[in-house]
Amino acid sequence: MPHPISTQWLAVGGPDGSFDAYLALPPGGSGPGLLLLQEIFGVNPHIRSVAEQYAQDGFVVLAPDLFWRHAPRVELGYDGEDAKRAYELMGTVKSDQVLGDMKATLDVLKGRAECSGKVGAIGYCMGGRLAFSAAAMMPVDAAVAYYGGGIQNQLALAPQVRCPVQFHYGEQDDHIPLSAVEQVRGAMADHKGTEFHVYPGAGHGFNCWARGSYHPRSATLAHGRSLAFLAQQLY
């Protein structure tokens, strides 16, 4: 029996050169587009499985390799030397370069025959911050930001946000204090379509089943809320 979703790596021509992105297509063959933005651990097995999860839910998902300049297609774990390497790679990211890569990926996604119209962005950790940037700076119709570290330092972008945004935070996130969440909430208070969800007992990375911080109840709730939000905004 064929797999209900199909996946492949494809090349994206960006402003600084070609890089790879992971494509996951839904069982029905077409659907709204979803730009999936990685954590600092690369487009690793977890991020690819998230792409497949949302493809199974009916979306055309494309996840760009944002570390391609220094470590093409790197796949890192969450502890020890891998975690150290992940933070080193995050330090190499230059905002204008990564935004250029995101825009190029978005153009490819919108140009796919399987993409049936509207496009959203969803991201985790570093990718959550980038999803917020996409909401402010790119033609996306919705954005979902999971524990986006540093969004509170980018609130000058808030007035530029042009689409509904949904935020997910863990109440016990040791990287993002609740005071930072409240800063973001305040900056987005007058923005129509904003949603905030804070998960009791959950820490940073609560959606990732490969991490010690995985919090199944919160991950399930957040996924359901993300689907409801994306269905409302992209269909």
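Residues numbered from 1 in each chain as written. Predicted model: local features only at pLDDT ≥ 70, side-chain atom pairs only at ≥ 80, totals over all residues. Heavy atoms only, no water.

*Asks:* Describe in detail the nonpolar core, supporting the description with residues and values.
*Replies:* Counting residues in each nonpolar core, the largest one holds 85 residues, and the members touching the most others are Leu36, Tyr54, Val61, Tyr146, Phe167, Met188 and Leu230. When residues in this core are grouped by element, the largest group, seven residues, is from helix H4 (residues 126-137). The contacts of Leu230, once residues within four sequence positions are left out, are Leu34, Tyr54, Phe59, Ala142, Val144 and Tyr235. (Core = buried A, V, L, I, M, F, W, Y, C linked by side-chain atoms within 4.5 Å. Buried < 20%, exposed > 50% of the residue type's maximum accessible area, 1.4 Å probe, protein only. Helix = DSSP H or I, 4+ residues; strand = E, 2+ residues; numbered from the N terminus. Contact = heavy atoms within 4.5 Å.)

*Asks:* Summarise the pattern of salt bridges; cite the residues concerned and give the values.
*Replies:* As enumerated under the stated definition, the model contains nine salt bridges in all. The closest approach of N and O atoms between Arg73 and Asp20, which form a salt bridge, is 2.9 Å. Taken together, the positions of Arg73 in the loop between strand E4 (60-64) and helix H2 (80-90) and Asp20 in strand E2 (residues 17-25) put the pair 53 residues apart, joining distant regions of the chain. On the accessibility criterion, Asp20 (25% relative accessible area) is partly exposed. In this structure, a network of salt bridges that share partners links the residues Asp16, Arg69 and Asp101. (Salt bridge = Lys/Arg side-chain N within 4 Å of Asp/Glu carboxyl O.)

*Asks:* Describe the packing of aromatic side chains, naming the residues involved and giving the relevant values.
*Replies:* Any two aromatic rings considered together are summarised by their centre-to-centre distance and by the angle between their planes. Tallied over the entire structure, the rule returns 15 aromatic pairs. Ring plane angle 70° and centroid distance 5.2 Å describe the contact between Tyr147 and Phe206, whose orientation is recorded as edge-to-face. You can see Tyr147 sitting in the loop between strand E6 (142-146) and strand E7 (165-170) and its partner Phe206 sitting in the loop between strand E8 (195-199) and helix H6 (216-234), a full 59 residues away along the chain. Taking the relative accessible area as the measure of exposure, Phe206 reaches 0% and is therefore buried. For the cation-ring pair, Arg48 lies above Tyr22, with the distance from its terminal atom to the ring centre recorded as 6.0 Å. (Phe/Tyr/Trp six-rings, centres within 6.5 Å; stacked < 30°, edge-to-face > 60°. Lys NZ or Arg CZ within 6 Å of the ring centre and 35° of its normal.)

*Asks:* If you had to explain the side chain of Glu39 to someone new, which residues and values would you point to?
*Replies:* Following the sequence through the fold, Glu39 ends up in the loop between strand E3 (31-37) and helix H1 (45-56). A polar contact of 3.1 Å, which involves the side chain of Glu39, links it to the side chain of Arg211. In this structure Glu39 touches His46, Ile47, Tyr78, Tyr124, Cys125, Met126, Tyr147 and Arg211, once residues within four positions along its chain are discounted. (Polar contact = N/O pair within 3.5 Å; in protein donor to acceptor, adjacent residues only side chain to side chain.)

*Asks:* Residue-level account of the pairing of E4, with values.
*Replies:* In terms of burial, E4 is largely enclosed, as five of its five residues are buried. Side chains Val60, Leu62 and Pro64 project from E4 onto one buried face, and the interleaved Val61 and Ala63 project onto a second face that is buried too. Across four bridges, the pairing between E2 and E4 is antiparallel. If you follow Leu23 over to E4, its bridge partner there is Leu62. Note that E3 and E4 share three bridges and pair parallel. (Pairing = 2+ DSSP bridges.)

*Asks:* For unusual backbone geometry, give the residues involved together with the corresponding values.
*Replies:* In the Ramachandran plot, Cys125 falls in the positive-phi region, its phi being about 60° despite a non-glycine side chain. Of note in the backbone geometry, Tyr147 takes a positive phi value of approximately 30° without being a glycine. The exposure class assigned to Tyr147 is buried, which follows from its relative accessible area of 0%.

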